[in-house]
Amino acid sequence: MKPSSSLVGLLLLIGLLVVTLLMLPGPVPRSANELSASDSAVIALSNARIFDGESVHEQATLVIRDGRIDALRLDDALPEEADVIDIAGGTLLPGLIDAHVHAFNSARKDALRFGVTTVLDMFRPPFDLDQTRAQRGALERTDQADLYSAGFLATADGGHGTQYGIEVPTLSDPDQADAWVEARLSEGSDYIKIVIESGAAWGGHLPTLDAATVQALVRATHARGEMAVAHVSTQAAARIAVEAGVDGLVHLFADEPLDPALAATLVEKDVFVIPTTTVLAGSHGQSGRGWLESDERLASRLSTEQRQTLEQSFPGSQLRASRWPMVLTSLRALHEAGVVLLAGSDAPNPATAHGASLLHEIKLLTEAGLSTIEALQAATSVPAARFGLDHRGCLQPGCRADIIWVDGNPLADIGALRQVEGVWKNGRRVDAAIETSVVPAAETPALDVPLDLHRAGRWLPSTDEFMGGQSRAELQLDSSGRRVTVSGELNPGFAFPYAGTMWNPGDEIMSAVNLSRAETLSLQLEATSGRFQLMIFSGDDPAAPPIRIDLVANETNRIDLTEYSGLDRSRLRAFGVYATGPAESFEFTIRDAGLQ
Amino acid sequence: MNVARMPIGRRLVSYGQFIYCQWLNLLRVPAYTIPTLVFPVMFYAFFGILMNPGASAYLLATFATFGVLGATLFAFGVGIATERAQGWYTLIRATPAPLLGIVIGKWFGAALFSAAIIVTMCSIAGFFGGVRLEQSQWWGLLAVLISGTLPFCLLGLGLGLLLSPNAAPAVINIVYLPLAFLSGLWVPVSQFPAWLQTLAPWLPPYHLAELALQVTGVRPGEPWSHWLALLLFSAVFAVLVIIGWRRMLAMSK
């Protein structure tokens with residue numbers, strides 16, 4: 001056969017294919033000046049157990065490049081230009097997603113120190129959403145978790161959500177739903193949160209949206225291609241939400257045991273539940289504080305604000321402790337029925353702390369029957385899929401390099417989650433140390449102990465009016481000066497109404513004094529019925545949330561003040577003793593109050 | 001002359017001639033050439049580069065699998081059915097030419113085509129899609145996809161032997177497009193509803209795509225189960241080929 005033109009063509013074609021392949025671009029070698037020591041563009045985390053959001057690889061290497069995951073390799077090959085960090089004995093997980101927070105103040109910084117790299121806010125004023133949206137779109141170095149937000153919540157006039165001193169656009173009629181949803185989405189809300197809250201679960205009465213308005217809101221939201229989620233605290237409210245077609249519930253209700261038929265409906269309609277177990281635990285006397293603080297390194301990363309919220313307790317939480325097994329049973333039943341669960345902490349509510357409480361939430365999910373891998377998925381790939389968060393909650397190539405390094409194996413022992421060794425956000429290591437800015441307490445006047453609280457300082461009436469509530473209190477100071485009697489009324493207005501009296505150490509209300517030597521507070525509380533709570537105000541900021549401690553009536557209460565690390569005894573501002581229910585009117589007497 | 005006694009040299013020359021004939025066939029029948037080459041490449045440019053720039057590497061692996069699947073099924077299925085109906089094989093059987101040459105020639109055509117599709121897609125991915133791979137990975141993708149075509153060659157061959165030339169293009173399209181979609185070649189399997197996800201591992205292109213994803217470093221994993229699955233599918237399709245072959249012999253008697 002003579003070499004014909006078509007044979008030459010064939011050989012040319014094969015040659016062309018080979019040459020093209022040889023010319024294809026390889027991984028770009030970095031020039032030395034692009035690689036600064038602290039901000040290396042390529043990092044290889046080698047020798048690690050890796051949970052990639054879906055499954056586990058026992059011995060693998062994660063390569064980070066330009067803020068994203070470049071490769072997840074099962075072989076030993078490392079890119080030449082990479083800075084290598086040996087993870088031996090440790091586990092890498094995707095940055096966690098907290099599906100229920102309220103992101104105020106330093107929330108996003110606090111969350112990030114614990115490896116929560118994305119937070120889904122369920123109510124905050126929407127005024128900076130353009131900025132937060134730009135931040136989460138970028139891959140810059142940051143010390144804050146990325147934020148997605150509901151913006152304002154949908155609630156009735158005077159309903160739940162209006163009590164925090166933030167003006168919320170409310171609605172009262174289904175006809176307003178369309179314009180309301182439109183306004184939120186144009187403000188930058190990522191999804192719509194609807195409040196169905198009659199206050200019944202807290203023994204109160206609150207105005208709430210009716211079923212027709214909830215339905216109209218869900219319709220208006222879905223018509224715009226967005227998601228609608230609902231706040232509920234009773235099974236009845238959950239039914240209204242599910243009937244209206246919401247995409248998810250942002251709490252598990254705890255007013256009654258879960259009806260299996262409702263669980264089946266949740267599965268059938270593919271409604272997810274963010275049970276916020278950790279906040280339910282807190283309100284049932286099962287605070288996660290002990291579990292979290294038992295790990296020293298984790299405890300050292302808690303800021304003063306985080307300690308304070310963690311040490312608070314819900315009014316009457318100890319009294320509800322016996323109902324806690326029911327909550328866990330409901331959660332277990334939801335999981336067994338196949339309802340999709342997402343991890344969310346509802347921080348900064350009492351007994352929670354941003355970031356840390358999500359770790360506790362994951363642990364509680366395992367107590368309710370989820371396997372460790374399922375519980376970790378509930379904080380990574382599942383919320384990412386449900387809320388359409390691309391490239392988050394995963395450690396596959398292309399995902400954001402948001403990573404937690406945990407010392408140990410949380411897949412075998414969920415307690416290892418507390419051993420956070422390192423956190424990367426957008427491919428950069430996060431500084432986990434907290435800035436401690438101790439203001440010298442030199443100008444704070446000191447008081448000596450023992451101190452009789454009926455002889456020093458001032459007792460003043462104090463109620464939830466401070467927080468926007470409408471409760472009342474009156475004081476009667478006994479002529480002997482040995483006791484204080486308080487009477488008044490708890491009125492709806494604040495989510496958790498309270499009223500009582502506050503002891504101020506100085507002449508000015510809530511002015512700080514140095515009581516570093518006081519170790520115990522003791523007082524006798526007399527009352528025929530009711531629930532009572534002690535609040536301790538201290539520290540730099542008089543408006544900082546107080547430490548809340550349940551008091552027992554008709555007994556001498558001794559509070560060990562050294563036990564509360566969020567309490568700053570060098571700047572103590574006030575003690576408050578409050579009635580918190582359940583009856584509307586109350587009367588109680590305090591005697592023998594003193595500091596030792 | 002008995003084929004089995006043909007000297008090895010003669011036989012190789014004969015195979016070479018079949019390969020060359022197949023090349024001429026490709027050049028002279030562009031009706032097959034153009035759509036099989038152009039469509040997968042065009043789809044990848046649209047969906048893999050323009051619409052999903054973040055997923056260019058992932059979709060390179062799956063769309064290349066899609067391209068290879070089409071090239072192989074059509075080359076074998078439609079090609080064999082048509083040539084069989086033209087009486088071409090009856091003619092060859094009357095000559096001393098080895099029948100295996102037909103298969104080798106067809107395989108060469110399909111492999112050449114697959115290589116052209118893969119290399120074109122790789123250059124789009126590398127030059128326009130920002131996909132950066134080691135030389136070993138570019139070549140690995142080519143090698144995995146070409147060698148992984150075995151079950152599809154057999155499937156196409158079986159269908160080509162069984163189907164009439166009129167029915168072949170229709171039937172192969174009916175097999176090819178759903179097979180590609182359900183194996184996650186256009187949209188990742190993880191985006192399917194759960195019940196549909198369970199179907200994918202029962203389809204051969206799924207395993208080839210997984211191998212392509214692994215060799216390009218997009219997805220970590222152990223390749224052996226996927227190779228084994230492809231071999232098992234090959235065994236099943238080989239039975240189809242035997243049935244088709246027997247039927248052709250019976251019909252030509």
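The structure displayed is predicted, hence computed values, not measured ones.

About the cut-offs
- Residues numbered from 1 in each chain as written.
- Chains lettered and ligands numbered in written order.
- Predicted model: local features only at pLDDT ≥ 70, side-chain atom pairs only at ≥ 80, totals over all residues.
- Heavy atoms only, no water.
- Helix = DSSP H or I, 4+ residues; strand = E, 2+ residues; numbered from the N terminus.
- Areas by Shrake-Rupley, 256 points an atom, 1.4 Å probe, with all protein chains shown as cover.
- Buried < 20%, exposed > 50% of the residue type's maximum accessible area, 1.4 Å probe, protein only.
- Contact = heavy atoms within 4.5 Å.
- Pairing = 2+ DSSP bridges.
- Axes fitted to C-alpha atoms, helices over the stretch in contact; angles between N-to-C directions.
- Salt bridge = Lys/Arg side-chain N within 4 Å of Asp/Glu carboxyl O.
- Patch = residues over 30% accessible without salt bridge, like charges linked within 9 Å, V, L, I, M, F, W, Y side chains within 5 Å.
- Parallel < 35°, antiparallel > 145°, perpendicular 65-115°, else oblique.
- Left-handed = near helix turned anticlockwise from the far one by under 90°.
- Disulfide = S-S within 2.5 Å.
- Core = buried A, V, L, I, M, F, W, Y, C linked by side-chain atoms within 4.5 Å.
- Buried area = accessible area lost by both parts, 1.4 Å probe.
- Expected span 1.5 Å × (residues − 1).
- pLDDT = per-residue confidence, 0-100.
- Polar contact = N/O pair within 3.5 Å; in protein donor to acceptor, adjacent residues only side chain to side chain.
- Lys, Arg positive; Asp, Glu negative; His and termini not counted.
- Phe/Tyr/Trp six-rings, centres within 6.5 Å; stacked < 30°, edge-to-face > 60°.

1. Re the overall build of chain A
Turning to step 1, where the next piece is worked out: Regarding its fold elements, chain A presents 15 helices and 26 strands.
Turning to step 2, where the next piece is worked out: Surface accessibility of chain A: about 23700 Å² in total, with carbon and sulfur atoms responsible for 50%.

2. Some remarks on the overall build of chain B
Turning to step 1, where the next piece is worked out: On a plain count of helices and strands, chain B comes out with 11 helices and 0 strands.
Turning to step 2, where the next piece is worked out: Mapped from its N terminus to its C terminus, chain B presents α and β elements in the order α-α-α-α-α-α-α-α-α-α-α.
Turning to step 3, where the next piece is worked out: Taken over 253 residues, chain B has a buried fraction of 52%.
Turning to step 4, where the next piece is worked out: If you take every contact in chain B between residues at least 6 apart in sequence, the share linking residues at least 24 apart comes to 75%.
Turning to step 5, where the next piece is worked out: Counting only carbon and sulfur atoms, one obtains 73% of the accessible surface of chain B, whose full area is about 11600 Å².

3. With respect to the sheet that holds strand β9 (residues 192-195) of chain A
Residue and element names in this part refer to chain A.
Turning to step 1, where the next piece is worked out: Spatially, 4 strands are ordered β9-β10-β11-β12 in an open sheet, and the strand pairing comes out parallel. Only two strands of the sheet have a single neighbouring strand rather than two, namely β9 and β12 (272-273).
Turning to step 2, where the next piece is worked out: Sheet analysis places strand β11 (residues 248-249) next to β12, joined by 2 bridges and oriented parallel. Following the sheet pairing, Gly248 is matched in β12 by Phe272.
Turning to step 3, where the next piece is worked out: Sheet strands in contact with helix α5 (residues 211-223) are β9 and β10 (228-231), and its direction is about 175° off that of β9.

4. A few points about the pattern of salt bridges
Residues and elements named next belong to chain A.
Turning to step 1, where the next piece is worked out: Inspection of every chain in the model, using the stated rule, returns 30 salt bridges over all chains.
Turning to step 2, where the next piece is worked out: Between Glu367 and Lys363 there is a salt bridge, and its shortest N-O distance comes to 2.7 Å. Here Glu367 and its partner Lys363 are both found in helix α13 (residues 356-367), 4 residues apart, which amounts to about one turn of the helix.
Turning to step 3, where the next piece is worked out: Residue Lys363 is classed as buried on the basis of its relative accessible area of 18%.
Turning to step 4, where the next piece is worked out: The salt bridge involving Arg472 is made with Glu489; its shortest N-O contact spans 3.5 Å. A residue pair is termed long-range when its members are at least 10 positions apart, and Arg472 in strand β18 (residues 472-477) and Glu489 in strand β19 (residues 483-489) qualify at 17 residues.

5. Focus on a nonpolar patch on the surface
Turning to step 1, where the next piece is worked out: On the surface, Ile34, Val38, Phe39, Met42, Phe46, Phe47, Leu50 and Met51 of chain B cluster together into a nonpolar patch covering about 750 Å² of accessible area.
Turning to step 2, where the next piece is worked out: Its place among the elements puts Leu50 of chain B in helix α2 (residues 30-51).

6. Side note on the packing of helix α3 (residues 56-85) of chain B against helix α5 (residues 100-128) of chain B
All names here are of chain B.
Turning to step 1, where the next piece is worked out: Here α3 crosses α5 at 155°, and the two axes come no closer than 9 Å. Judged by the angle between their axes, α3 and α5 are roughly antiparallel. By crossing handedness, the relation of α3 to α5 is classed as right-handed. Where α3 abuts α5, its residues Leu60, Phe63, Ala64, Gly67, Val68, Ala71, Thr72, Ala75, Phe76, Gly79, Ile80 and Glu83 lie against Ile102, Val103, Lys106, Trp107, Ala110, Phe113, Ser114, Ile117, Ile118, Met121, Cys122 and Ala125.

7. So, the sheet that holds strand β8 (residues 146-149) of chain A
Residues and elements named next belong to chain A.
Turning to step 1, where the next piece is worked out: Across the sheet, 3 strands lie side by side as β6-β7-β8; this open sheet has parallel pairing. Across the chains shown, the open sheet's two edge strands, defined by having one partner strand only, are β6 (96-101) and β8. When the angles between neighbouring strand axes are averaged without regard to direction, this sheet yields 20°.

8. Concerning the state of the cysteines
Residue and element names in this part refer to chain A.
Turning to step 1, where the next piece is worked out: Using the criterion set out here, one finds 1 disulfide over all chains in the structure.
Turning to step 2, where the next piece is worked out: The disulfide partner of Cys394 is Cys399, and the gap between their sulfur atoms is 2.0 Å. An S-S torsion of about -115° defines the bridge between Cys394 and Cys399 as left-handed.
Turning to step 3, where the next piece is worked out: Residue classification places Cys394 among the buried positions, given a relative accessible area of 17%.

9. Some thoughts on the nonpolar core
Turning to step 1, where the next piece is worked out: With 85 residues, the main nonpolar core has Ile194, Leu217, Leu249, Leu266 and Leu334 of chain A as its most contacted residues.
Turning to step 2, where the next piece is worked out: Apart from the residues within four sequence positions on either side, Leu334 of chain A is in contact with Leu252, Leu258, Ala263, Leu266, Val273, Val339 and Leu341 of chain A.
Turning to step 3, where the next piece is worked out: Among the nonpolar cores identified, the runner-up in size contains 78 residues, and Phe18, Val78, Trp138 and Ala168 of chain B belong to it.

10. What about the interface of chain A and chain B?
Turning to step 1, where the next piece is worked out: In this complex, chain A contributes 24 residues to the contact, which on the side of chain B involves 26 residues.
Turning to step 2, where the next piece is worked out: Together chain A and chain B conceal approximately 2200 Å² of surface at their shared face, both sides included; 76% is due to carbon and sulfur atoms.
Turning to step 3, where the next piece is worked out: Considering only the side of chain A, the residues that lose the most area to chain B are Leu21, Leu24 and Pro25 of chain A, jointly responsible for 27% of the buried surface there.
Turning to step 4, where the next piece is worked out: Linking chain A with chain B are 0 salt bridges.

11. Some thoughts on helix α6 (residues 135-147) of chain B
Turning to step 1, where the next piece is worked out: A rise of 1.5 Å per residue sets the reference length of α6 of chain B, with its 13 residues, at 18 Å; its end C-alpha atoms lie 18 Å apart and thus fit the reference within 8%.
Turning to step 2, where the next piece is worked out: Listing the buried residues of α6 of chain B in full gives Gln137, Trp138, Gly140, Leu141, Leu142, Val144, Leu145 and Ile146 of chain B.

12. Re the confidence of the model for chain A
Residue and element names in this part refer to chain A.
Turning to step 1, where the next piece is worked out: Per-chain confidence: chain A averages 87 in pLDDT, with 94% of residues scoring 70 or above.
Turning to step 2, where the next piece is worked out: A low-confidence stretch, residues 30-39 (pLDDT under 50), is modelled with 13 contacts involving residues beyond four sequence positions or located in other chains.
Turning to step 3, where the next piece is worked out: Within the model, the stretch residues 436-442 combines pLDDT values under 50 with 3 contacts to residues more than four positions away or in other chains.

13. Here's the deal with the environment of Thr589 of chain A
Residues and elements named next belong to chain A.
Turning to step 1, where the next piece is worked out: When you line up the elements, Thr589 lands in strand β26 (residues 585-595).
Turning to step 2, where the next piece is worked out: What makes Thr589 buried here is its relative accessible area of 12%.
Turning to step 3, where the next piece is worked out: C-alpha separation for the pair Thr589 and Asn554, spaced 35 residues apart in sequence, amounts to 9.5 Å.
Turning to step 4, where the next piece is worked out: With near-sequence residues (within four places) excluded, Thr589 lies in contact with Arg483, Val484, Thr485, Gln524, Leu525 and Glu526.
Turning to step 5, where the next piece is worked out: Engagement of the side chain of Thr589 in a polar contact is seen with the side chain of Thr485, the distance being 3.2 Å.

14. Things to note about the side chain of Arg108 of chain A
Residues and elements named next belong to chain A.
Turning to step 1, where the next piece is worked out: With respect to the element layout, Arg108 can be found in helix α2 (residues 107-113).
Turning to step 2, where the next piece is worked out: For the buried Arg108, no salt bridge is present, and the opposite-charge side chain at shortest range is Asp146, 5.2 Å distant.
Turning to step 3, where the next piece is worked out: Beyond its immediate chain neighbours, meaning those up to four positions away, Arg108 contacts Ala103, Val119, Thr132, Gln135, Asp143, Gln144, Ala145 and Leu147.

15. Concerning the environment of Gly344 of chain A
All names here are of chain A.
Turning to step 1, where the next piece is worked out: Take Gly344: it is sitting in the loop between α12 (324-337) and α13.
Turning to step 2, where the next piece is worked out: For Gly344, a relative accessible area of 0% gives the class buried.
Turning to step 3, where the next piece is worked out: Residues Gly344 and Ala379, spaced 35 residues apart in sequence, show a C-alpha to C-alpha distance of 7.8 Å.

16. Observations regarding the pairing of strand β23 (residues 547-551) of chain A
Residue and element names in this part refer to chain A.
Turning to step 1, where the next piece is worked out: With 5 of 5 residues buried, β23 is to be regarded as a mostly interior element.
Turning to step 2, where the next piece is worked out: Of the two faces of β23, both are covered, the one formed by Ile547, Ile549 and Leu551 as well as the one formed by Arg548 and Asp550.
Turning to step 3, where the next piece is worked out: Pairing analysis gives 5 bridges linking strand β22 (residues 531-538) to β23, with the strands arranged antiparallel. Its bridge partner lying in β23, Met535 is registered against Arg548.

17. Topic: the packing of aromatic side chains
Residues and elements named next belong to chain B.
Turning to step 1, where the next piece is worked out: On inspection of all chains with the given rule, the structure shows 18 aromatic pairs over all chains.
Turning to step 2, where the next piece is worked out: Taken together, a centroid distance of 6.2 Å and an interplanar angle of 50° make the contact between Tyr44 and Phe63 tilted. One end of the pair, Tyr44, is in helix α2; the other, Phe63, is in helix α3, and 19 residues separate them in sequence. No difference in accessibility class separates Tyr44 from Phe63, as the two residues are buried.
Turning to step 3, where the next piece is worked out: Between Phe66 and Trp186, the aromatic rings sit 5.4 Å apart at their centres with planes inclined by 80°, giving edge-to-face as the arrangement. A residue pair is termed long-range when its members are at least 10 positions apart, and Phe66 in helix α3 and Trp186 in the loop between α8 (167-182) and α9 (194-197) qualify at 120 residues.

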